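In case you want the letters, here they are:
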Amino acid sequence: MKLLINIIAIIIIAVVIGFQFSRTKDLYNKKYDENKDEFDKKNND
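Residues numbered from 1 in each chain as written. Predicted model: local features only at pLDDT ≥ 70, side-chain atom pairs only at ≥ 80, totals over all residues. Heavy atoms only, no water.

**Examining the overall build of the protein**
Along its length, the protein carries one helix and zero strands. For the protein, the residues scored as buried account for 0% of the 45 residues in total. With the model as given, the accessible surface of the protein reaches about 4,500 Å², and the carbon-plus-sulfur share is 64%. (Helix = DSSP H or I, 4+ residues; strand = E, 2+ residues; numbered from the N terminus. Buried < 20%, exposed > 50% of the residue type's maximum accessible area, 1.4 Å probe, protein only. Areas by Shrake-Rupley, 256 points an atom, 1.4 Å probe, with all protein chains shown as cover.)

**Considerations on a nonpolar patch on the surface**
A cluster of nonpolar side chains, namely M1, L4, I5, I8, I12 and V16, defines an oily patch on the protein surface of about 620 Å² accessible area. Turning to its location among the elements, I8 is positioned in helix 1 (residues 2-44). In this structure I8 comes out as partly exposed when scored by relative accessible area, which is 43%. (Patch = residues over 30% accessible without salt bridge, like charges linked within 9 Å, V, L, I, M, F, W, Y side chains within 5 Å. Salt bridge = Lys/Arg side-chain N within 4 Å of Asp/Glu carboxyl O.)

As structure tokens, this is what we get:
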């Protein structure tokens, strides 16, 4: 029984970490797309 609870807890944690990672990646990509022109200007100077 204890092993089953541990396995369920690990799965829940893995799902939460995966969700956070994908959300952070999406936010980063969105920010990058918004500021892409500024990044390009900085890199070309």
